[in-house]
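# Reading the structure
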Amino acid sequence: MTAPYYEDFAPGAGALTPRAAFGSDADRLSLNGDWQFRLSPSVAAADAAEAAPNPSWDVLPVPAHWALHGHGSPQYTNIRYPFPVDAPRVPTDNPTGDYRLTFDLPVSWPEDGASLLRFEGVESCYRVRLNGHELGTAKGSRLPHEFDTGPHLLRHGNVLSVRVHQWSSGSYVEDQDMWWLAGIFRDVELVHRPMGAVRDFFVHAGFDHVTGEGTLRVDATPGGRITVPELGIDLATGQSATLPVEPWSAEVPRLYDAVLATDAERVPFRVGFRTVAVEDGVIKVNGNPILLRGVNRHEFHPDHGRALPYSTMREDVLLMKQHNINAVRASHYPPHPDFLDLCDEFGLWVIDEADLETHGFGGDDWRGNPADDPRWEEALVDRAARMVERDKNHPSVIMWSLGNESGTGRNLAAMSEWIRARDPRRLIHYEGDWSCAYVDVYSRMYASHEEVELIGRREEKPLDDPELDARRRAMPFIQCEYAHAMGNGPGGLTEYQRLFETYERLQGGFVWEWIDHGLRTQDAEGREFFAYGGDFGETLHDGNFCADGLLFPDRSPSPGLLEYKKVIEPVGIEVDTAAVTVRIANKYDVADLSQLAFTWSYAVEGRPVAEGALPVPPLRPGESAEIPLPAAPEASAEAWWTVRAVLAADTPWASAGHEVAWGQALAAVPARPQARASVSPVPGRSQITLGPATFDPVRGTLRTLHGFEVTAPRLDLWRATTDNDRGPDEAQSVATQWRRHALDRVQHRHDSLTVDETSVLVRTRVAPPAGFFGLYADYRWTSDGTRLTLTVDITPDGEWPCPLPRLGVRMGLPARLATVEWFGTGPGESYADTRRAARVGRYVATVDQLQTPYVFPQENGSRGDVRWADFRDAEGAGLRVEGDPVFALTARRWTTEQLESARHPTDLTPSDVLHVNLDLAQHGIGTASCGPGVLAPYQLRATPASFTVTFAGLSPAAGQH
Ligand code: GAL
């Protein structure tokens, strides 16, 4: 019995050989829109429904995924196949969508020539029939297929029927850590091919950086003429022209409009001249080494899944450019072709990746891996070919990637060989085979800082085969994935970037990943939230591991994106306060600084008191200069220099004034105020009074402060664990250690209360149940009569087996003190190893605005280095908390415990207490959800510590600062 087409090894049958994606003046008819649709639970049920006398139909838009339109539901898995692994067989219960569209040809549709049906993307396997005649079948969800309509196309009343199978043999090679979403999710078109039309063309446009000349040759079938009016080029296809041109790069994406003309057709296209090569062990484009500041981009929209509106693709590109990102890896499949046009136009280096991942086979030690089984060769090479043919004319594409996480194997070698023969002018990438036998670049994912440094020195651990080792050691290196942006984080970006900027061999990397795959959903009460794995009742799923992007699902930037923008900024700005100068360094690969304007400002306690333009010469890449700053104004309080680099003029991706880079330095530190006279506590039977505060007379816990009822501050060691704390491997994670040692359940033992002349002193020991270790914590309260000061002295006791989540106090304030103004870093959250984007200033936010809405609730919102914070009610009355010198602040309307047990932000309901944490420190963030944990300098260890905060009352009359 021969296998049905959805269960065989073949890539499909009947489609035309692949070719470049291009537009032309030939007729085209978009077949996007409402189609008739019927979902059946199996192929047999689909056949039965079709045979029924009056088959019933629903309506479904094309392009779309049916599960996002009420037919079936989405399922998310990372590595595991959602069906039994028995390739190439798939379950009998195989959701099957029958699509039908009736259409007429436009009156103007020519009589002569051919007409092709073009499908840009259908998941995962489909069969096309036109007016009852089968045109073919196809697999390769993110790849185009064209079918010749032959004699079957009618002027009126065409019935186009497409049967789509959710599961197919193709599913085994599309295991790409994303929602499984079937359907016709990219455009469908009817394309007219006049007699003598262009079948395919290949633009070769190199740039010689020594002569400054470009060479253009276009190979086309059939041949025609190429014109590039701006360059005065008019030549036959197959011939070449060499002449001075401006090269294309991601930083200066110079494109020339060109036309390929045959007797039958005019094909407009754009030429970007550039040459990619590995020279002296580094990747060079147009002779320049490049540093990839990249992201991995899955196509994702919270309502449409992978059926992206054009405006969303454009938004992605603009957001990348605006955040200093210069490269994108199309993980793990070729993106919609329009996206690559945008990359050409706005300037992004692209690794285009074949639609391939067989990760699930890793679960059985890669037994039966399609990447190594000759029966799959044709299908895999077809995937490589369809990508290369479609995208070969994009200057932005500098590397072809064979796929992702598909182990090793002969079919990968075959793909590489095919690509090399067809397009030797781009580099070949694949991460999964560390021998690098058939690639040009050594690529890894989530390698630790230590290992990356060794690789940077070309001192990595050798391969067993000395020849392969020598070959690999001579290769450039990239991290095709690093810094897993799941939840709060990633930490450790700065340290990676430092390595990338230090070692020539390290040419940057791609953060995992661009956007959280959270699907917009509503709970029973109609409140919106972003769903992740398991939210649709899937029995097999990988939870929120799909919410690991730099953008939230609605495309608002997460703190991680702002941090990344700062870490990779292309201009170094270092203010030297003593010398009153600023060092400006151009870290672009290609562009000079003439497109930027520089400004300085001088702010005292967060208020700018002077500012001006800073003349900076148009430094070339690699150059730097020391620029004098004006004399610093007198400052009575803490003062900071800020130097900013902004766009001098509008660009296609941001307006003039858009900030590209900045630097800050402390200019003046105020003299510390003298300790004021202290008042004595007044013990009483029902309370102790000390200045503006009252205390419980037995335990010495704070009760009221400036008339506000408060929950007394007490030592707090716990935080709502982050995705990075929990890690992928529960056994290894720091969160597991914390819980094993019961740090979420510490007990506070009251040892003594002493009221003396100047202070109320409470001694305690804070320790977990069953623990042989703990912390002595002494709370000493003093007052000058109007202000109240708390000093907490901490002395570890015993051997601490693990880092602390946090060290500080938590207290409760009335919830109406809901507006916070602070002088510290902001505006967003920051942690020990994610604090580059935080700048010193004065900020105002409501408590609600202080929360970062991670798709999966976890610790968030900490503002660092806070000198003081004012909590006010609507009338302006409230409390000030001052650090000595600083503290980290979180404030929320729910407890840490509630935050930790929430599964979605909608689980969090505000209470009438404002829970405030004043931290001396928190453990860093790291990126252990996939990759290295918190680096040593950012780990919080139990050591003797002391910290002081002072509380003062704020009255409405005092007004705002
Ligand atoms: C990588 C993989 C990505 C993603 C990431 C973790 O191993 O290539 O697709 O799964 O891990 O989010």
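Residues numbered from 1 in each chain as written. Predicted model: local features only at pLDDT ≥ 70, side-chain atom pairs only at ≥ 80, totals over all residues. Heavy atoms only, no water.

### Considerations on the overall build of the protein chain
From N to C terminus, the protein chain includes 12 helices and 59 strands. Over its C-alpha trace the protein chain gives a radius of gyration of 32 Å, about what one expects of a compact globule, namely 30 Å for 961 residues. Across its three principal axes, the protein chain shows a C-alpha extent of roughly 105 × 70 × 60 Å. If you take every contact in the protein chain between residues at least 6 apart in sequence, the share linking residues at least 24 apart comes to 73%. Summed over all atoms, the accessible surface of the protein chain reaches about 36000 Å², with 51% contributed by carbon and sulfur. (Helix = DSSP H or I, 4+ residues; strand = E, 2+ residues; numbered from the N terminus. Rg over C-alpha atoms; globule rule 2.2 N^0.38 Å. Contact = heavy atoms within 4.5 Å. Areas by Shrake-Rupley, 256 points an atom, 1.4 Å probe, with all protein chains shown as cover.)

### Notes on the packing of helix α2 (residues 310-322) against helix α3 (residues 337-346)
Closest axis-to-axis distance for the α2/α3 pair is 10 Å, and the angle between their directions is 35°. For the pair α2 and α3, the sense of crossing is right-handed. Taking contact as the criterion, the partners of Y310, M313, R314, D316, V317, L318, M320 and K321 in α2 are, on α3, D338, F339, L342 and F346. Class assignment for the residues of the contact of α2 with α3 results in 8 nonpolar, no polar and 4 charged. (Axes fitted to C-alpha atoms, helices over the stretch in contact; angles between N-to-C directions. Left-handed = near helix turned anticlockwise from the far one by under 90°. Nonpolar A, V, L, I, M, F, W, Y, C, P; charged D, E, K, R; others polar.)

### Here's the deal with the pairing of strand β53 (residues 806-814)
Burial runs high along β53: 8 of the 9 residues are buried. Bridging between strand β48 (residues 711-716) and β53 involves 4 bridges; their strand directions are antiparallel. What sits directly across from D716, in β53, is G808. Pairing of β53 with strand β58 (residues 913-922), which is carried by 9 bridges, proceeds in the antiparallel orientation. (Buried < 20%, exposed > 50% of the residue type's maximum accessible area, 1.4 Å probe, protein only. Pairing = 2+ DSSP bridges.)

### Remarks on the sheet that holds strand β40 (residues 624-628)
The pairing of strands in a sheet comes from backbone hydrogen bonds and takes either a parallel or an antiparallel form. With antiparallel pairing, the 3 strands of this open sheet are ordered in space as β36-β37-β40. Of all the strands in the sheet, just β36 (571-576) and β40 have a single pairing partner and so form its edges. Between one strand axis and the next, the sheet turns through 20° on average, direction left out of account. Pairing geometry for strand β37 (residues 581-586) and β40, over 5 bridges, is antiparallel. Its bridge partner being in β40, R583 is matched across the sheet by E626.

### As for the domain arrangement of the protein chain
Here the domain parsing of the protein chain yields domain 1 (5-193), domain 2 (200-275), domain 3 (278-565), domain 4 (574-668) and domain 5 (682-956). Here the C-alpha centre of domain 4 lies 34 Å away from the C-alpha centre of domain 3. Taken together, the contact pairs 13 residues of domain 3 with 9 residues of domain 4. Of the roughly 920 Å² buried between domain 3 and domain 4, counting both surfaces, carbon and sulfur atoms make up 45%. Of all residues in domain 3, R293, K321 and Q322 give up the largest surface area on contact with domain 4, accounting jointly for 35% of the area buried on that side. Across the pair E501 and K587 runs a salt bridge, and its minimum N-O distance is 3.1 Å. (Domains from an automatic or database assignment. Buried area = accessible area lost by both parts, 1.4 Å probe. Salt bridge = Lys/Arg side-chain N within 4 Å of Asp/Glu carboxyl O.)

### Details of unusual backbone geometry
Backbone torsion omega between T221 and P222 reads -15°, so that peptide bond is classified as cis. Tracing the sequence through the fold places P222 in the loop between β17 (213-221) and β18 (225-228). Across the junction of G489 and P490, the peptide omega takes the value 0°, indicating a cis bond. Summarising the element assignment, P490 is placed in the loop between β32 (477-484) and α8 (493-502). Unlike most non-glycine residues, Y446 shows phi in positive territory, near 60°. You can see Y446 is positioned in the loop between β31 (442-445) and α6 (449-456). The exposure class assigned to Y446 is buried, which follows from its relative accessible area of 14%. For E605, which is not a glycine, the phi torsion comes out positive at approximately 45°. Relative to the helices and strands, E605 resides in the loop between β38 (596-604) and β39 (607-614).

### Quick look at the site of the ligand
Surveying the vicinity of the ligand reveals the residues N78, D177, H332, N404, E405, M445, Y446, E481, H484, W512, F545 and D548. A distance of 2.4 Å separates an oxygen atom of the ligand from a polar atom in the side chain of D177. A distance of 2.9 Å separates an oxygen atom of the ligand from a polar side-chain atom of D548. Contact with the protein chains covers 96% of the free accessible surface of the ligand, which is 310 Å². Each residue belonging to the shell around the ligand can be placed in one class, and the counts come to 4 nonpolar, 4 polar and 4 charged. (Near = heavy atom within 4 Å. Polar contact = N/O pair within 3.5 Å; in protein donor to acceptor, adjacent residues only side chain to side chain.)

### A look at the sheet that holds strand β44 (residues 688-690)
Spatially, β43-β44-β45-β46-β47 is the arrangement adopted by the 5 strands of the open sheet, whose pairing is antiparallel. Two strands in the sheet have a free side with no partner beyond their single neighbour: β43 (682-683) and β47 (708-709). Bridge count between strand β45 (residues 693-695) and strand β46 (residues 702-705): 3 bridges; the pairing is antiparallel. Bridge pairing in β46 links F695 to L702.

### A short note on the environment of V271
Within the fold, V271 resides in strand β22 (residues 266-271). Once you skip the residues sitting within four places of it in the chain, V271 turns out to touch V203, A205, L216, R254, L255, Y256 and A258.

### Topic: the side chain of Q497
Within the fold, Q497 resides in helix α8. Excluding anything up to four places from it in sequence, Q497 contacts L291, R293, Y482, V567 and I568.

### Section: the packing of aromatic side chains
In total, this model carries 35 aromatic pairs according to the counting rule given. Between W822 and Y843, the aromatic rings sit 5.4 Å apart at their centres with planes inclined by 35°, giving tilted as the arrangement. With W822 in strand β54 (residues 819-826) and Y843 in strand β55 (residues 839-846), this residue pair connects regions lying 21 residues apart in the sequence. With respect to class, W822 is no different from Y843; both count as buried. One aromatic cluster is present, formed by Y81, F83, W167, Y172, W180 and F361 through successive ring pairs. When the ring centre of W434 is taken as origin, the NZ or CZ atom of R444, which lies over that ring, is 3.6 Å away. (Phe/Tyr/Trp six-rings, centres within 6.5 Å; stacked < 30°, edge-to-face > 60°. Lys NZ or Arg CZ within 6 Å of the ring centre and 35° of its normal.)

### Examining the environment of Q507
Along the chain, the position of Q507 falls in strand β33 (residues 506-512). A relative accessible area of 1% places Q507 in the buried class. In contact with Q507, not counting residues within four places along its chain, are V282, I283, P289, I290, L291, L292, P476, F477 and I478.

### A word on the pattern of salt bridges
Evaluation of the coordinates by the stated rule reveals 81 salt bridges. The salt bridge partner of R142 is E174, with a shortest N-O separation of 3.5 Å. You can see R142 sitting in the loop between β10 (133-139) and β11 (145-148) and its partner E174 sitting in the loop between β12 (158-165) and β13 (178-180), a full 32 residues away along the chain. Neither residue differs from the other here; R142 and E174 are each classed as buried. For the salt bridge of D919 with R806, the shortest nitrogen-to-oxygen distance reads 2.9 Å. In this pair, D919 sits in strand β58 while R806 sits in strand β53, placing the two residues 113 residues apart along the sequence.

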